[in-house]
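# Secondary and tertiary structure notes
These are the residues of each chain, in order.
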Amino acid sequence: MISVLACILIAVGCAIVAGVIAFFAGIAYRKKSAETALGSAEQEAKRIVGDAIKAAEAKKKEAILEGKDEIHRLRNESEKELNDRRREVQRQERRIQQKEETLDKKLESLENKEEAVAQKHKLAEARLAEAEEVKKKQFEMLEKISGFTIEQAKEFLLKNLEDELEHEKAVKIMEFEQQTRDDAESTAREIIGMAIQRCAADHAAEATISVVQLPNDEMKGRIIGREGRNIRAIETITGVDLIIDDTPEAITISSFEPVRREIARVALEKLIADGRIHPTRIEEMIDKARREVEATIKQEGERAVIEAGVNGIHPELVKLLGRLRYRTSYGQNVLNHSLEVAFLCGIMASELGVDPAIARRAGLLHDIGKALDHEIEGSHVEIGIDVARKYKESETVIHAIHAHHGDVEAKTVVACITQAADAISAARPGARRENLENYIKRLEKLEEVASSFDGVERCFAIQAGREIRIMVKPDVINDDKMVLLARDICRKIENDLEYPGQIKVNIVRESRAIEYAK
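All of these numbers come straight from a predicted model, not from anything done at the bench.

## Things to note about the overall build of the protein
What the protein contains, in helices and strands, is 14 helices and eight strands. Looking at the protein residue by residue over its 518 residues, the buried ones come to 30%. Partitioning the intrachain contacts of the protein with sequence separation of at least 6 by distance along the chain shows that 62% fall at a separation of at least 24. When the accessible surface of the protein is split by element, carbon and sulfur atoms take 54% of a total near 34800 Å².

## Some remarks on the environment of R290
Its place among the elements puts R290 in helix α6 (residues 279–308). When its relative accessible area of 29% is taken as the criterion, R290 is described as partly exposed.

## A short note on the pattern of salt bridges
One pass over the structure, following the stated rule, counts 23 salt bridges. Ionic pairing is found between E269 and R265, a salt bridge with its closest N-O pair at 2.8 Å. Here R265 and E269 lie together in helix α5 (residues 258–274), a separation of four residues that amounts to about one turn. With relative accessibility at 36%, the residue E269 sits in the partly exposed group. Close ionic contact of E307 with R303 constitutes a salt bridge, the shortest N to O distance being 2.8 Å. Linking E307 with R303, this pair stays in helix α6, spanning four residues, or about one helical turn.

## Some thoughts on a negative patch on the surface
Among the surface-exposed residues, E100, E101, D104, E108, E111, E114 and E115 lie close enough to one another that they form a single negatively charged patch. Turning to its location among the elements, E101 is positioned in helix α1 (residues 2–146). Judged by relative accessible area, E101 falls into the partly exposed class, the value being 42%.

## Focus: the packing of helix α10 (residues 380–390) against helix α11 (residues 395–403)
Close contact between α10 and α11 brings their axes to 9 Å; oriented N to C, the two are set at 170°. One finds that α10 runs roughly antiparallel with respect to α11. Contacts between α10 and α11 involve V381, G384, I385, A388 and R389 from the first element and E395, I398, I401 and H402 from the second. Split by residue class, the contact of α10 with α11 holds five nonpolar, two polar and two charged.

## Regarding the packing of aromatic side chains
For the structure shown, the criterion picks out zero aromatic pairs. Over the ring of Y326 we find R325; its NZ or CZ atom is 5.9 Å from the centre of that ring.

## Looking at empty space enclosed by the protein
Evaluation of the coordinates by the stated rule reveals one cavity of 30 Å³ or more. Put simply, the largest cavity is a space of about 30 Å³. If you trace the largest cavity, you find it lined by E257, P258, V259, R323, R327, K370, A371 and H374. Tallied by class, residues from the lining of the largest cavity come to three nonpolar, one polar and four charged.

## Points about the side chain of T418
Tracing the chain through its elements places T418 in helix α12 (residues 413–427). For T418, a relative accessible area of 0% translates into the label buried.

## Observations concerning the pairing of strand β7 (residues 467–472)
With six bridges connecting them, strand β6 (residues 456–462) and β7 associate as antiparallel partners. Note on β7: the bridge partner recorded for I462 is E467. Pairing analysis gives six bridges linking β7 to strand β8 (residues 504–509), with the strands arranged parallel. In the sheet register, M471 faces β8, and the bridge partner there is V508.

## Section: the sheet that holds β6
In sheet architecture, strand pairing relies on hydrogen bonds along the backbone and comes in two forms, parallel and antiparallel. One open sheet holds the three strands; their spatial order is β6-β7-β8, and the pairing between them is mixed. In this open sheet, the two edge strands, each paired with only one partner strand, are β6 and β8. Within the sheet, the average angular offset between the axes of one strand and its neighbour, ignoring direction, is 20°. Where helix α14 (residues 479–496) meets the sheet, its contacts fall on β6, β7 and β8, and the angle it forms with β8 comes to roughly 150°.

## A word on α5
Given 3.6 residues to a turn, an α-helix orients residues that are three or four positions apart in the same direction. For α5, which comprises 17 residues, the first-to-last C-alpha distance of 24 Å matches the rise-based estimate of 24 Å (1.5 Å per residue) to within 8%. Three or more residues of α5 are buried, namely P258, V259, R261, E262, I263, A264, V266, A267, L268, L271 and I272. Positioned one or two residues after α5, G275 has a phi angle of 90°, which is positive.

## Some details on the confidence of the model for the protein
With 89% of its residues at a pLDDT of 70 or more, the protein shows a mean pLDDT of 81. pLDDT under 50 marks residues 200–207. Its contacts with residues more than four places away, or in other chains, come to 21 contacts.

## A closer look at the packing of α6 against helix α7 (residues 315–323)
Running from amino to carboxyl end, α6 crosses α7 at an angle of 100°, the nearest separation of the two axes being 7 Å. Between α6 and α7, the angle is such that the two are roughly perpendicular. For the pair α6 and α7, contact is made by I297, K298, E300, G301, E302 and V305 and by V318, K319, L321, G322 and R323, respectively. Among the residues forming the contact of α6 with α7, the class breakdown is four nonpolar, two polar and five charged.

## A word on the side chain of E262
Within the secondary structure, E262 is located in helix α5. E262 sits in the buried class, given a relative accessible area of 14%. A polar side-chain atom of E262 sits 2.5 Å from a polar atom in the side chain of R265.

## A short note on the pairing of strand β3 (residues 250–254)
Of all five residues in β3, four are buried; the element is thus mostly enclosed. Inspection of the sheet shows strand β2 (residues 241–243) paired to β3 by three bridges, in the antiparallel sense. Considered in β3, the bridge of I243 is made with T252. Linking two consecutive strands that pair antiparallel, namely β2 and β3, is a turn of six residues; a positive phi of about 55° is found at E249 within it.

## Looking at unusual backbone geometry
Not every positive phi belongs to a glycine, and E227 is a case in point at roughly 55°. A relative accessible area of 71% means that E227 is categorised as exposed.

What counts and what doesn't
Position numbers for residues start from 1 in each chain and track the written sequence from start to end. Note on the predicted model: pLDDT of at least 70 is required for a residue's local features to be given, and 80 or more for side-chain atom pairs to be given and counted; whole-chain, interface and lining totals, by contrast, use all residues. To get the side-chain values, take all heavy atoms of the structure and skip hydrogens and water. Under the DSSP-based scheme used, a helix requires at least four consecutive residues in state H or I and a strand at least two consecutive residues in state E, with every element numbered from the N terminus. Relative accessibility thresholds used throughout: buried, under 20% of the residue-type maximum; exposed, over 50%; partly exposed, between the two (1.4 Å probe, protein chains only). Whether two residues touch is decided by their heavy atoms; if any such pair falls within 4.5 Å, the residues are in contact. Note on areas: these come from Shrake-Rupley sampling with a 1.4 Å probe, and a residue is covered only by the protein chains present in the view. We define a salt bridge as a contact between a side-chain nitrogen of Lys or Arg and a carboxyl oxygen of Asp or Glu at a distance within 4 Å. By definition, no residue in a patch forms a salt bridge, and every one has over 30% relative accessible area; like charges are joined within 9 Å, nonpolar side chains (Val, Leu, Ile, Met, Phe, Trp, Tyr) within 5 Å. This count recognises Lys and Arg as positive and Asp and Glu as negative, with His and chain-terminal groups excluded. Here the site of a charge means NZ on Lys, CZ on Arg, CG on Asp, or CD on Glu. Orientation is described by lines fitted to C-alpha atoms, with helices fitted over the stretch in contact, and by angles between N-to-C directions that extend from 0 to 180 degrees. With respect to orientation, any angle under 35 degrees is reported as roughly parallel, any angle over 145 as roughly antiparallel, any angle of 65 to 115 as roughly perpendicular, and every other angle as oblique. Amino acid classes used here: Ala, Val, Leu, Ile, Met, Phe, Trp, Tyr, Cys and Pro are nonpolar; Asp, Glu, Lys and Arg are charged; the rest, including Gly, are polar. Working definition: a ring pair exists when centres of Phe, Tyr or Trp rings (six-membered ring for Trp) sit within 6.5 Å. Plane angles under 30 degrees give stacked, over 60 give edge-to-face, the rest tilted. Whether a charge lies above a ring is judged from NZ of Lys or CZ of Arg, which has to be within 6 Å of the ring centre and within 35 degrees of the ring normal. Here a cavity denotes a set of grid points, spaced 1 Å apart and computed over the protein atoms alone, in which a 1.4 Å probe fits but from which it cannot get out, and a pocket denotes an open set meeting protein on both sides within 12 Å along at least five of seven lines; residues with an atom within 4 Å of a point are reported as lining. Grid points are joined across faces, edges and corners, and a volume is the space filled by probe spheres set on the points. A pair of strands counts as paired when DSSP detects no fewer than two bridges linking them. For a helix, the expected span equals 1.5 Å multiplied by the number of residues minus one. One number per residue, pLDDT, summarises how confident the predictor is, and it ranges from 0 to 100. Definition of a polar contact: a pair of N or O atoms within 3.5 Å, with one able to donate and the other able to accept a hydrogen when the atoms are protein atoms, and with sequence-neighbouring residues admitted only if both atoms are side-chain atoms.

See the structure below:
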């Protein structure tokens, strides 16, 4: 056992010794190998360094050569660019020099022109002075030849100029008048003509008296009554005058108040038919006749409103319209005239694009004041305005009533239409009649207005006052002044006279040369 252990220890010791020897031997071998490798590395390093130095030298030489080439190239480019700039500067210098030479030439030319202008100016001043001198001599010569001074010549020329301007003004006025007339008359004639054709109303002249037919002349005595008590009762109650004359089988009732006259006529006819004529019966019949006439007035007013196509009129205005049935103006029935004016207003308003209802209303009510002008003081226009305002009519209708006779300027189309329709209705042939005295006064007034102008020799109102023919002095009124004179006469007639329709002013100028052969 011990020997085995010793053998093992010996074996282990031998192994350890062998290992140590092998270790140191390996170390020595590696050292030798390392020294050998180190020597080889140093030689390799020296070789590499040598090669690097050689390569660096070559690169250095190559870089130096490339740098020299780049410097040479840059120097060439710089010299080329410098040469180009030098040539551009030289070119600009040449251009500036040329411009300076051109400016010098222009300046020299301008100086020459200024000298020429100065010379021409001096020459012009000399010629102007010479012309002034010649002009002065010519004026002096003209003054000697014409016998006019400068001021007189100016006045003469201005007078001629005024005559020429007057002629031109007259020509322009005639042209504008003709143009306006051509434009307006065609439309106006078409509208008015159509309105008249579509409104063909009949006309009947009425007076301020009524005639009652009697069955026999004995009835006159019964109407007069004992000591005239019957006729006095009739006249007192009705307010009319009974005219009993030699006219066979007729009694005349006279009154300016048409409703009273109608009441008296109806009552008298009832008394004659009844046969019992005494104051008590007279009073009963007159009261009955008054109720009948009032009913008729209401019916006539309602009929007029319906025919005119007007709605919403106050009942009192309807009654006043009915009263116009018994009212006449220049022999023309006022209610029929108002209806005709209403129809004409409606037609013309429709053609002009205006509300025909308000136009018919204004036409129907334009003479409403005539129903009360026997009871209220004032013109029928003023009365009509008050009545229309009292019964809440519109301002358009009130203005048309106010303006239909030209008392105020017409400011609405409805007022203008009412004026025109009223004139058309009144100017129709047979629509109105005047007594001889008023007719002659109107003609004399027309001739008086025309004769008030300078240069008028004679004048004549013809065509029932529809035309005034005026003879002028040819040495005072020339052809141009005739136009202006006609306009002035028309304006004065419009301002001073009242007339239905229109009046034509016809001026005649005649020059005559008379000699006698001996």
